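Summary of structural features
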Amino acid sequence: MKKIVVGMGTCGLSAGAQATYDRLRELAEANSDVCMLTRTGCIGMCYREPLIEIREGDSRVFYGGVNPESAEEIFSKHVLCNEIIDDDNLVYVCGPDGNTSGSECAFLDLQERIVLRNCGTIDPESIKDYEDAGGYQGLRKALTEMTPSEIIQTIKDSGLRGRGGAGFPTGLKWSFAAANEGEQKYVVCNADEGDPGAFMDRSVLEGDPHAILEGMIICARAIGATFGYIYCRAEYPLAIHRLEIAISEARERGYLGTNIIGSGFDFDLKIKQGAGAFVCGEETALFASIEGERGMPRIRPPFPAEKGLWQKPTNNNNVETFANVPWIICNGAGAFTAFGTEKSPGTKVFALAGKVVHGGLAEVPIGTTIEDLVFKIGGGIKEGKKFKAVQMGGPSGGCIPAEMKNTPVDFESIPATGAIMGSGGMVVMDEDICMVEIARFFLDFTQKESCGKCTFCRIGTLRMLEILERLTRGEGEPEDIEKLEQLSIQIKEASLCGLGQTAPNPVQTTIRYYLDEYKAHIYDQKCPAGECQALVEFYIIPDKCVGCTLCAKNCPVDAISGKVKEVHVINIEACVNCGKCITSCNFGAVITR
Amino acid sequence: MKTAAKQENFNYRLWRYDGAPGELIPLLQSAQEHFGYIPRRAINYIAGVTGIPESDIYGVITFYSQFRLSPMGRYVIRVCVGTACHVSGAKQIRETVEDELGIEVGDTTDDGLFTLNTVACIGCCSLAPVIMINDDTHGSLTPASVRKILRNYRKKAAVSADSVAVTSEGV
């Protein structure tokens, strides 16, 4: 019996997986004696979606970029006639002997999958699939064989550190919440993945929702909580949908509710949808949001372990942290510390995006170098361009230059570069990306997302943004760099929460590593990367221009000349750099340089 | 008459309010799901059942980017301006949409068909640059392809002009 598995995460669906699935369903229903069809979450190869897998016994064959037509071919040849189609669609083959081949071998074989153990393997809408893969065994062990303090000790021994970005030791955090007496305690899962360029948590929520529930229930048992919340961003409708299914299935099977699996322990939880505010990723702001208020951070201390949600002792961890917990309980702390570095054991999921060939999700042992991630797993830079930098940690992080690609990715080495580990977003940048513009981009983001409570975060970021906007227009002044540096320090010192304390990081790191680019904008009114629209020259590539006249018609200053069906030319003297020609061209013939 | 019927329906949807604390945001979300935005009378009503002052409710609405105080178009376009999309040309995609529809971010077209917004990241970074139209994601866009997509939506709206139902429809 063959099993056909279609990747139906947001990435797969966006790439057209539904049509592929529908076609395969027709075929599978007509041939139900030889195969069955099922769906799964994201396996991480987002760049090859829609992906389908043909599974038989221990052998697994993956095809990428499968549309309804190629699905038909795969079905008739592979499923019905056992013939592996060795063309561009074939991405990965894992034989029954464990030998692997295929174009995407490096992407999967270099990974160690703990958090993503079930993502892309099981049907996330089936609790049975999760149980068959060893699911809820950690919970059974924790509830029937371990005391709460033994659970906490195991997590402490594993050295698990919070995967939301700060890297605080999870076991220690749990012990604080456990030590505080209270009739009502809460467990909160932060699924408000707000960093642009990060989608690790989304994939786990969509691909393996039960792992998060199991981790939360184990945590609740350890700290003595009876109720929990999952705070998930509303921009992830599929994640919320699958969590709802998982929660109701878990209740039916007695993993949630009263007297969980006969242990006498009670715990239940609820999903709270975020309403679109980046600052709600900060735990005290998140609590305020769950309480129905504006999501503004609160002063710490008191810390959440003492007075968190509704002033009750609360433990808050992010999605990835919770997803690690059942595995650690099942396999023991020693199995976990076998991966990663001494100070940062285990693995970390990274979301590779930007100008990298293999954009997707990869889980690697902590301590893997940036080079291995970008080149071995990520497949290098798109279009053979030059690797310039990698941006880690989103708007709170920084840009690490290509020269530092040997830096191991761990909770000590990354902060030393000025960036942060962050939640795992890794946006790869090539030579065409301007670092001043990137700094402006992030400041624009944090400035808009600042809740406004602290003056320096509210107004300081705006002043920084104004300076950066001037620089990208070529109107910079020599003292601007010093002003940016001063404001950075002041904002960091005078802000209450992580948003303000880290907002200047993108500016500080780009000044530190790319001072020449800042100077070129200020003194020469030039953008070396050729990105800042006001400082570049617009140009029509003669080979690509078909002479459709659209750009000339749309040019507000008649700077483009050329006859129908003839190559058009931009008169640089008249051009006002508005960019209308680029957006009107249907052939990608207009570029900046 | 029509308004009264809607109000009744609205109350029905809100009966779930059980006095539990922290329900303001879910109530606002259900109001917005129902009306497409949060009308004044919904704020009135929520203030009545929860006892939270209208001014506080207004403060919460304006804090979160999800909530809207004015009606939306039939198709809500969200241009992703996350980091991955940004480095892959999201600005040009946004400008193309603005140019094609003749509106700016935050506006709705005069025919009530399209509302244009931006979103910080929808997590489809490997398909950058991406836009969402209602619940459908369109990825790997170029100025040319985004124009084509918008024109298809326009055509589809013209074909189904009689139908009032607004659902998630792919192109």
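Predicted model only: the values in this text are computed from it and were never measured.

Comments concerning the overall build of chain B
- When you go through chain B residue by residue, the secondary structure sums to 7 helices and 4 strands.
- Counting from the amino terminus, helix and strand elements in chain B follow one another as α-α-α-α-β-α-α-β-β-β-α.
- Residues counted as buried form 50% of the 171 residues belonging to chain B.
- Surface summary for chain B: the accessible area is close to 8,000 Å², and the carbon and sulfur share equals 51%.

A closer look at the nonpolar core
- Judged by nonpolar contacts, the single largest core of 82 residues is most densely connected at Tyr136(A), Trp174(A), Val187(A), Leu205(A), Ile217(A) and Phe267(A).
- Examining the composition of this core, we find that 10 residues originate from one element, helix 10 (residues 209–223) of chain A, more than from any other.
- Leaving out residues up to four positions away in the same chain, Val187(A) has contacts with Met216(A), Cys219(A), Ala220(A), Ile223(A), Ala225(A), Phe227(A), Gly228(A), Tyr229(A), Phe267(A), Asn315(A) and Phe322(A).
- Counting residues in hydrophobic clusters, the runner-up holds 36 residues, among them Phe287(A), Cys454(A), Ala47(B) and Ile57(B).

Thoughts on the packing of aromatic side chains
Residue and element names in this part refer to chain A.
- This model, assessed by the stated rule, comprises 18 aromatic pairs over all chains.
- With 6.0 Å between their ring centres and 45° between their planes, Tyr-186 and Tyr-229 make a pair best called tilted. Remark: Tyr-229 occurs in strand 8 (residues 227–232) and Tyr-186 occurs in strand 7 (residues 186–191); sequence separation between them is 43 residues.
- Classification of Tyr-186 by relative accessible area gives buried; the value is 10%.
- Each ring, one from Phe-441 and one from Phe-442, has its centre 5.1 Å from the other, and the planes form 65°; the classification is edge-to-face.
- Taken together, the ring pairs connect Tyr-186, Phe-227, Tyr-229 and Trp-310 into an aromatic cluster.
- Just above the ring of Tyr-236 sits the side chain of Arg-233; from NZ or CZ to the centre is 4.9 Å.
- Over the ring of Phe-350 we find Lys-348; its NZ or CZ atom is 5.8 Å from the centre of that ring.

Comments concerning the interface of chain B and chain A
- Counting residues at the interface gives 41 residues for chain B and 58 residues for chain A.
- Buried area between chain B and chain A, summed over both chains or domains, comes out near 3,600 Å², and the portion from carbon and sulfur atoms is 57%.
- Sorting the residues of chain B by area buried against chain A places Phe63(B), Thr83(B) and Val87(B) first, and these three jointly supply 18% of that buried surface.
- Put simply, chain B and chain A have 3 salt bridges between them.

Thoughts on a nonpolar patch on the surface
All names here are of chain A.
- Where nonpolar side chains cluster on the molecular surface, the patch consists of Phe-168, Leu-172 and Phe-176 and spans about 260 Å² of accessible area.
- Examined against the element boundaries, Leu-172 turns out to sit in helix 8 (residues 170–179).
- A relative accessible area of 34% means that Leu-172 is categorised as partly exposed.

A look at the sheet that holds strand 7 of chain A
Residues and elements named next belong to chain A.
- With parallel pairing, the 4 strands of this open sheet are ordered in space as 9-8-7-10. Of all the strands in the sheet, the pair left with one neighbour each is strand 9 (268–273) and strand 10 (314–318). Between one strand and the next, the sheet's axes are offset by a mean angle of 20°, whatever the strand orientation.
- Two strands pair when backbone bridges link them, and strand 7 and strand 8 are joined in this way by 6 bridges, in the parallel orientation. Within strand 8, the residue paired with Val-187 across the bridge is Gly-228.
- Of the strands in this sheet, strand 8 and strand 9 are in contact with helix 11 (residues 237–252), which crosses strand 9 at around 165°.

As for the state of the cysteines
Residue and element names in this part refer to chain A.
- In this structure the tally under the stated criterion is 0 disulfides over all chains.
- Cys-451 takes part in no disulfide bond, and the closest cysteine sulfur, belonging to Cys-497, lies 6.4 Å away.
- In this structure Cys-551 is a free cysteine whose sulfur lies 6.0 Å from that of Cys-545, the closest cysteine sulfur available.

Remarks on the sheet that holds strand 12 (residues 360–365) of chain A
Residue and element names in this part refer to chain A.
- Reading across from one edge, 12-11-15-13-14 is the order of the 5 strands in this open sheet, with mixed pairing throughout. In this open sheet, the two strands that pair with only one neighbour each are strand 12 and strand 14 (398–401). On average, each strand axis in the sheet is tilted by 30° relative to the strand beside it, whichever way the strands run.

Details of the pattern of salt bridges
- As enumerated under the stated definition, the model contains 44 salt bridges over all chains in all.
- For Arg39(A), the salt bridge goes to Glu125(A), with nearest N and O atoms at 3.5 Å. Linking Arg39(A) in strand 2 (residues 35–40) with Glu125(A) in the loop between helix 4 (105–109) and helix 5 (127–132), this pair joins segments that are 86 residues apart in sequence.
- Judged by relative accessible area, Arg39(A) falls into the partly exposed class, the value being 23%.
- Residues Asp99(B) and Lys580(A) are paired through a salt bridge, measuring 2.9 Å at the closest nitrogen-oxygen approach.

Parameters and conventions
Residues numbered from 1 in each chain as written. Chains lettered and ligands numbered in written order. Predicted model: local features only at pLDDT ≥ 70, side-chain atom pairs only at ≥ 80, totals over all residues. Heavy atoms only, no water. Helix = DSSP H or I, 4+ residues; strand = E, 2+ residues; numbered from the N terminus. Buried < 20%, exposed > 50% of the residue type's maximum accessible area, 1.4 Å probe, protein only. Areas by Shrake-Rupley, 256 points an atom, 1.4 Å probe, with all protein chains shown as cover. Core = buried A, V, L, I, M, F, W, Y, C linked by side-chain atoms within 4.5 Å. Contact = heavy atoms within 4.5 Å. Phe/Tyr/Trp six-rings, centres within 6.5 Å; stacked < 30°, edge-to-face > 60°. Lys NZ or Arg CZ within 6 Å of the ring centre and 35° of its normal. Buried area = accessible area lost by both parts, 1.4 Å probe. Salt bridge = Lys/Arg side-chain N within 4 Å of Asp/Glu carboxyl O. Patch = residues over 30% accessible without salt bridge, like charges linked within 9 Å, V, L, I, M, F, W, Y side chains within 5 Å. Pairing = 2+ DSSP bridges. Axes fitted to C-alpha atoms, helices over the stretch in contact; angles between N-to-C directions. Disulfide = S-S within 2.5 Å.

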